[in-house]
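Examination of the molecular architecture
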Amino acid sequence: MKNLNEIKTSDLKLGMRYTAPVFFDDGTNMFLAENKPVMQFHLDAVKHWKIKKVVTYGRLIDANNKGDFAQNPDINEPDELEELEELEELDEPPQSESIEEILLSEDYADILSLFSKKYDEAVSSVSEIFAAAVDPKKSSRTVRSLIDDTVDSLFSIVKMDGSGFVSFLLNKGSNGKYPSAAVNISIMAGAAAFSLDMSDRKVRQTMTAALLHDICMPSVPSEITNKKGKLTSSEFELLKMHTVRGSDYITDTLLLPKDVATAVLQHHESFDGSGYPEGRKGANIDISARIIAVCDAFEAMVSEKSYRNALIGYEAVKSLLSKANKQFDPEVVRCVVKSTGVYPAGTLVLMSNISVARVVESSDDSLFLPVVKIIAKGRGDIETGTVVNLKEQRSVFIIRPLSREEALKFA
């Protein structure tokens, strides 16, 4: 049996790689994937949380990034090192500085372009991940790497500008398909997790679980998932199994941390104990699962379904608030509403000057005063196409959101 090796975090250096996954000192939650380099955020995390050691069943490939080439005397070491350094640069994700520069720039078009690029890449990757779940020939190691890379990419944006990323996807709208829904929920869950002051490690786990929470739903017959009427008891039992099967797949095949599998298992538990599969209640439900439950419900409400129309964002927010302390954790609802806004991006509203506007951005500190864009001119001199920050412009205000029927006339 392999020995479990302890590694002092003070000995970790950028670029170190190990032949097996590295775990936190609890031996359960993964710190570093197999053959993945130590990055700056790894070092920052152990320093911030005062973690003294990590553990692994593997060995250090090479402290200087020489890899197994260091064991072969026939290889010209300087040349190989140079080549490996070039490959390492190609393998690294975009540096946070470049992302930060874009997000802090005044060119909003650059920001939207970044959001769009990262979003489309994530949806494409998650499509592969979902396809692999029903394809036993697909390498679990390849799928795991794809999951890690996708979460890394989304996490970097959510950490820098979570509210902006959420506004982007709400303006974009949802098609309700599993891959795009998974990405939407992962982004919203990450923003809510940060709002709850969760650690970077826990935010990553929450976003990973959100990305995979419905990984086994495609195997549920469509006549059940698209049924307009009430499910029979046998149909409902079959539907409920997607949480158990998803959790097992995550643990047994993908070898992801137990916390991720637990969140997937429990994301349909209700705060009042009426959920499934175990009927857990309140704080006995994993916090990541509580976050995913709220974000999943919101995303579902604003998506078109075969059996009903999508709700406008304001109606979806009202529905979440009405279910706080019943189906949902009220503190989680508060954080999700804060990240989406009382008037979520995309909501059409009637203004006090009888103009119609579309909400383009919510405000964290003034939920009733979002940024809007006039799409139909009313009285006064505010022209169509004008963007108005209601925190700064108090001459007009929102009277009420428009109903779906009213909104369709101006969409």
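What counts as what
Residues numbered from 1 in each chain as written. Predicted model: local features only at pLDDT ≥ 70, side-chain atom pairs only at ≥ 80, totals over all residues. Heavy atoms only, no water. Salt bridge = Lys/Arg side-chain N within 4 Å of Asp/Glu carboxyl O. Helix = DSSP H or I, 4+ residues; strand = E, 2+ residues; numbered from the N terminus. Buried < 20%, exposed > 50% of the residue type's maximum accessible area, 1.4 Å probe, protein only. Pairing = 2+ DSSP bridges. Axes fitted to C-alpha atoms, helices over the stretch in contact; angles between N-to-C directions. pLDDT = per-residue confidence, 0-100. Contact = heavy atoms within 4.5 Å. Patch = residues over 30% accessible without salt bridge, like charges linked within 9 Å, V, L, I, M, F, W, Y side chains within 5 Å. Areas by Shrake-Rupley, 256 points an atom, 1.4 Å probe, with all protein chains shown as cover. Phe/Tyr/Trp six-rings, centres within 6.5 Å; stacked < 30°, edge-to-face > 60°.

**What about the pattern of salt bridges?**
Taken as a whole and judged by the stated rule, the model has 13 salt bridges. One salt bridge connects Asp259 with Lys202, and the closest N-O pair in it is separated by 3.8 Å. In this pair, Asp259 sits in helix 10 (residues 258-266) while Lys202 sits in helix 7 (residues 200-212), placing the two residues 57 residues apart along the sequence. For Glu383, the salt bridge identified is with Lys377, shortest N-O distance 3.0 Å. Given the relative accessible area of 43%, Glu383 is considered partly exposed. Among the ionic contacts, a cluster of salt bridges with common partners joins Lys202, Asp259 and Asp286.

**Overview of the sheet that holds strand 9 (residues 398-401)**
A sheet is described by the order of its strands in space; here five strands give the open sequence 8-7-6-5-9, paired in antiparallel fashion. Bordering the open sheet on either side are strand 8 (387-389) and strand 9, each of which pairs with just one other strand. Looking at each pair of strands side by side, their axes are set apart by 40 degrees on average, direction ignored. Here strand 5 (residues 348-351) pairs with strand 6 (residues 356-361) via three bridges, running antiparallel. Following the sheet pairing, Leu348 is matched in strand 6 by Arg358.

**With respect to the confidence of the model for the protein**
Model confidence for the protein is summarised by a mean pLDDT of 81, while 82% of its residues fall at 70 or above. Long-range and interchain partners of residues 65-97, a stretch whose pLDDT sits below 50, account for 27 contacts in this model, where long-range means more than four residues apart. This model gives residues 102-106 a pLDDT under 50, and the stretch forms 10 contacts once residues within four places in sequence are excluded.

**Considering a nonpolar patch on the surface**
Among the surface-exposed residues, Ile354, Phe397 and Ile399 lie close enough to one another that they form a single nonpolar patch of about 290 Å² accessible area. Its location among the elements puts Phe397 in the loop between strand 8 and strand 9.

**Remarks on the packing of aromatic side chains**
Tallying each qualifying case throughout the model produces eight aromatic pairs. Aromatic side chains Phe155 and Phe194 sit 5.7 Å apart centroid to centroid with 40 degrees between the ring planes, which places their arrangement in the tilted category. With Phe155 in helix 5 (residues 140-172) and Phe194 in helix 6 (residues 178-195), this pair connects stretches of sequence that are 39 residues apart. Phe155 gets classed as buried once you look at its relative accessible area, which sits at 5%. Geometrically, the ring pair formed by Tyr314 and Tyr343 is stacked, given 5.3 Å between the ring centres and 15 degrees between the ring planes. You can see Tyr314 sitting in helix 12 (residues 313-322) and its partner Tyr343 sitting in the loop between helix 13 (330-340) and strand 5, a full 29 residues away along the chain. Of the two residues, Tyr314 and Tyr343, both sit in the buried class. Here the aromatic residues Phe115, Tyr119, Phe165 and Phe168 are joined through ring pairs into a cluster of three or more.

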